[in-house]
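Working through the structure, step by step
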Amino acid sequence: MFESRSSQRLVIKCDENESRFPIEVLNLWDLTELEIIGGNFTYFPEDISILKKLKKLSLISTKIAIIPKEVFELPALQYLSLKNNRLSELPELESRSHLKELILGRNNLSAKSLENFFNEIPNLHYLDLGNNRIEEIPYSLYRLQKLRRLNLENNKLNELPLKLKELKNLHHLSVENNPFPIKEKESIERNFKITF
């Protein structure tokens with residue numbers, strides 16, 4: 001394990017065989033940024049809620065399959081990257097999240113696993129759902145009225161509902177490498193000004 005720390009930022013790079021979550025980070029109450037890369041973790045501690053000043057959290061390629069709701073409910077957290085893990089479901093949130101950027105790319109998420117997930121994340125500006133197993137747009141996504149950028153590349157979408165146009169702040173939409181039929185591609189090009 002390699003560790004790099006500045007006063008309020010900590011980066012931990014783990015070997016792919018490292019199965020013990022670095023629980024000692026929970027003693028660093030002043031942390032505002034935490035990045036953990038690599039490892040082979042089977043769990044993520046709910047006690048993360050003790051890091052009340054955490055604004056930015058990245059858990060990249062850690063092989064985590066379950067993430068507790070406490071992560072999303074951290075009071076100062078604005079950026080969360082869970083890229084390249086084994087997530088197939090997300091927790092049901094019980095209170096509002098302050099997240100503005102959420103990266104969930106390269107996991108095993110489906111539309112069903114996201115069905116009600118976005119209801120408690122109203123301030124989201126950037127959402128990356130690329131490289132998952134999403135076969136349709138989850139209804140709760142339409143509640144993200146502040147959303148500016150949405151990545152849905154490399155999923156299993158075969159339709160892009162016009163309802164997405166109701167997201168008035170959405171300026172960037174990526175949908176490449178989805179199995180859209182020819183007629184749907186033509187409709188997307190016409191309605192969303194996206195070229196395939």
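Residues numbered from 1 in each chain as written. Predicted model: local features only at pLDDT ≥ 70, side-chain atom pairs only at ≥ 80, totals over all residues. Heavy atoms only, no water.

**Concerning empty space enclosed by the protein**
The criterion, for reference: Each cavity reported here is a set of points on a 1 Å grid over the protein atoms alone in which a 1.4 Å probe fits but cannot get out, each pocket an open set with protein on both sides within 12 Å along at least five of seven lines, and each lining residue one with an atom within 4 Å of a point. Grid points are joined across faces, edges and corners, and a volume is the space filled by probe spheres set on the points. Put simply, DSSP H or I for four residues or longer makes a helix, DSSP E for two residues or longer makes a strand, and each gets a number counted from the N terminus.
According to the stated counting rule, one finds one cavity of 30 Å³ or more in the structure shown. Considering only enclosed or pocket space, the largest cavity measures out at about 40 Å³ in volume. R9, L10, E33, L34, E35, K56 and S58 are the residues that line the largest cavity. If you tally residues by element for the lining of the largest cavity, the top one is strand β3 (residues 33-38), at three residues.

**Topic: the packing of aromatic side chains**
Heads up, the rule is: When the centres of two rings from Phe, Tyr and Trp lie within 6.5 Å, Trp using its six-membered ring, the rings pair. Their planes under 30 degrees apart give stacked, over 60 give edge-to-face, and anything left gives tilted. Type-normalised accessible area, obtained with a 1.4 Å probe on protein chains alone, sets the label of each residue: buried when under 20%, exposed when over 50%, and partly exposed for intermediate values. As a reminder, the over-ring test applies to NZ of lysine and CZ of arginine, requiring each to be within 6 Å of the ring centre and within 35 degrees of the ring normal.
Across all of its chains, the model carries seven aromatic pairs by this definition. A centroid spacing of 4.9 Å and a plane angle of 80° characterise the contact between F21 and F44, whose relative ring orientation is edge-to-face. A residue pair is termed long-range when its members are at least 10 positions apart, and F21 in the loop between β2 (9-14) and β3 and F44 in the loop between β3 and β4 (56-60) qualify at 23 residues. Between F117 and F118, the aromatic rings sit 5.3 Å apart at their centres with planes inclined by 75°, giving edge-to-face as the arrangement. Just as F117 is buried, F118 falls in that class too. Positioned above the aromatic ring of Y79 is the side chain of K56, whose terminal nitrogen or guanidinium carbon lies 4.8 Å from the ring centre. In this structure, K163 packs its charged tip against the face of Y142, placed 5.5 Å from the ring centre.

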